[in-house]
Amino acid sequence: MEYNLDFKTSLYIMHNEDTEVSQSIEIETQRFKEIFKGNPRVVLLAGGGGYIGLCIANTLASKGIKVLIMDNFIYNHGKSLLSSLLNKNIKFFQHDLRDELEVDFFKKNNITDVVVLAGLVGDPITKKYPELSDDINNKAIKGFINSANGQGINKLIFISTCSNYGLIKDGEKADENFELNPLSLYAQDKVNNEKYIIDNRNKFDFSATILRFATAFGAAPRMRFDLTVNEFIRDAYIKNFLEVYDADTWRPYCHVRDFAHLIERVLIMEIKKTDYQIFNAGGDSNNLTKRNIVDLIQKYIPNLTVKYVDGGTDPRNYIVDFSKVKKVLFFEPSWSVNDGIKELINFLENGLYNDVEIDKNFYGNYQIINEQ
Ligand SMILES: NC(=O)c1ccc[n+]([C@@H]2O[C@H](COP(=O)([O-])OP(=O)(O)OC[C@H]3O[C@@H](n4cnc5c(N)ncnc54)[C@H](O)[C@@H]3O)[C@@H](O)[C@H]2O)c1
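Residues numbered from 1 in each chain as written. Predicted model: local features only at pLDDT ≥ 70, side-chain atom pairs only at ≥ 80, totals over all residues.

A few words now on the site of the ligand. In the neighbourhood of the ligand, 28 residues make up the surrounding shell, with G47, G50, Y51, F213 and A216 lying closest. For the shell around the ligand, the elements supplying multiple residues, two or more each, are helix 2 (51–62), helix 5 (130–148), strand 5 (155–161) and strand 7 (215–217). Per-element accounting of the shell around the ligand gives the leading share, 3 residues, to helix 2. By residue class, the composition of the shell around the ligand is 14 nonpolar, 9 polar and 5 charged. (Near = placed C-beta within 6 Å. Helix = DSSP H or I, 4+ residues; strand = E, 2+ residues; numbered from the N terminus. Nonpolar A, V, L, I, M, F, W, Y, C, P; charged D, E, K, R; others polar.)

Here you go:
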């Protein structure tokens, strides 16, 4: 078997920008030391037991940063935590965001920074459970953000989505100031939560950053095969058949482990670059149509049968401008969609996800197991 789990671990830093990045990190390191009196950084990942969260946890921990994962494993996907079992820097706390935390939770656990990933993720699952979605994605998230206020937290990163742009006109490209057009309950709650954070910036004592993630792809411990690129690869590999709706609609994509490096970057770069900033998170070259993705997959699975269908139920169509995150944080994804396809086909060929059909619910946000 030939694979390398992280053959592109380092952040993409262009050489002439190296100095600026390291100076910025140095400034933040000094500021952090002064505030926390030499105590280590401890990052709380709310929803850290999911697809993206576990990649962040493992990446931060590998850089020596302490991580506390908080999750309720709503899809009964707790076994994914085994990926972090041997890592001394990662701890786990079973908690449902709908429940109140102990008053001194943050101080007791020496939490310095918080990343908010938790929630029902995706249009289909929020549509299927609208009340639960309101309880978690709306009420519990706001309650949790409030509970982090006044606890001496340094940075709070809220993970939002490029789905907020919804449907944009042909030829347009959405930067962070582009009008938001959330078409689903999932995106509406993200937009509301973004607004809640920005509106309360004078009330909050932490420095917040909002990252609008592109659609993720790529291999991870809690794999999600309900996301376009991953789903296409699984179906192409297993069924040798793909049904593709609205093939010419655009979306941006980003490798799940690139997101982990971006989180690290937001945490360690000087606060003036991130303070109450909104960033589209991804890279311009990973804006693709579904047809583009199929064409890439066909390079590896040439005998694939594809049925193109018009008039699907997902009207989203947006191209996103990622120049701000590149300019301010010097972040560019190191993985192309083609790299991700190659990686995942390789993993499937080598049996890493050979229970994907047997344990379907583990591999995507299809059904809630722990509703209570
Ligand atoms: N995956 C993507 O393509 C994508 C794209 C844009 C934005 N995002 C955002 O990234 C974040 C992570 O997404 P993901 O793909 O890892 O999804 P995921 O569903 O794998 O992870 C979400 C985690 O939140 C946990 N959770 C749900 N309700 C909870 C509750 N009440 N209390 C505690 N934990 C709870 C779940 O158990 C799960 O582990 C989300 O905020 C999502 O909106 C993801």
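Moving on, there is more to tell.
Turning next to the pairing of strand 10 (residues 277–281). The buried fraction of strand 10 is high, at 4 of 5 residues. Across 5 bridges, the pairing between strand 6 (residues 207–213) and strand 10 is parallel. Within the sheet, the bridge partner assigned to L211 lies in strand 10 and is F279. (Buried ≥ 20, exposed ≤ 12 C-beta atoms within 10 Å, placed from the backbone. Pairing = 2+ DSSP bridges.)

Let us now look at the pairing of strand 5. Counted residue by residue, strand 5 has 7 buried out of 7 residues, so it is predominantly covered. When strand 4 (residues 113–116) meets strand 5, the two strands line up parallel, connected through 4 bridges. Within strand 5, the residue paired with V115 across the bridge is I157. Pairing of strand 5 with strand 6, which is carried by 7 bridges, proceeds in the parallel orientation.

Reading across from one edge, 7-9-11 is the order of the 3 strands in this open sheet, with mixed pairing throughout. Single-partner strands in this sheet number two, and they are strand 7 and strand 11 (287–289). Taking the axes of each pair of neighbouring strands and ignoring which way they run, one obtains an average angle of 50° across the sheet. Note that strand 9 (residues 250–255) and strand 11 share 3 bridges and pair antiparallel. By the bridge assignment, W250 is partnered in strand 11 with T289. (Axes fitted to C-alpha atoms, helices over the stretch in contact; angles between N-to-C directions.)

With 95% of its residues at a pLDDT of 70 or more, the chain shows a mean pLDDT of 93. Across residues 1–15 the pLDDT falls below 50, and counting only partners more than four positions away or on other chains, this stretch makes 16 contacts in the model. (pLDDT = per-residue confidence, 0-100. Contact = placed C-beta atoms within 7 Å.)

What follows concerns the packing of helix 7 (residues 228–239) against helix 12 (residues 337–349). Helix 12 packs onto helix 7 with a crossing angle of 45° between their chain directions and a minimal axis gap of 10 Å. Overall, the two elements helix 7 and helix 12 adopt an arrangement that is oblique. At the point where helix 7 passes helix 12, the crossing takes the right-handed sense. Only V337, G340, I341, L344, I345 and L348 of helix 12 make contact with helix 7, whose side of the interface consists of V229, N230, I233 and Y237. (Parallel < 35°, antiparallel > 145°, perpendicular 65-115°, else oblique. Left-handed = near helix turned anticlockwise from the far one by under 90°.)

Count 3.6 residues to each turn of an α-helix, and residues three or four apart come out pointing the same way. Relative to the 21 Å expected for 15 residues at 1.5 Å per residue, helix 6 (residues 185–199) spans 21 Å between its end C-alpha atoms, a close match to the ideal helical length. Looking only at helix 6, the buried set comprises Y186, A187, D189, K190, N193 and I197. Down the axis of helix 6, the sector holding all buried residues measures 160°, keeping them to one side. Exposed side chains of helix 6 directed beyond 90 degrees from the buried face belong to K195 and D199. On its buried side, helix 6 packs onto helix 4 (123–128), helix 5, strand 5 and strand 6. (Expected span 1.5 Å × (residues − 1). Arc of directions from axis to C-beta.)

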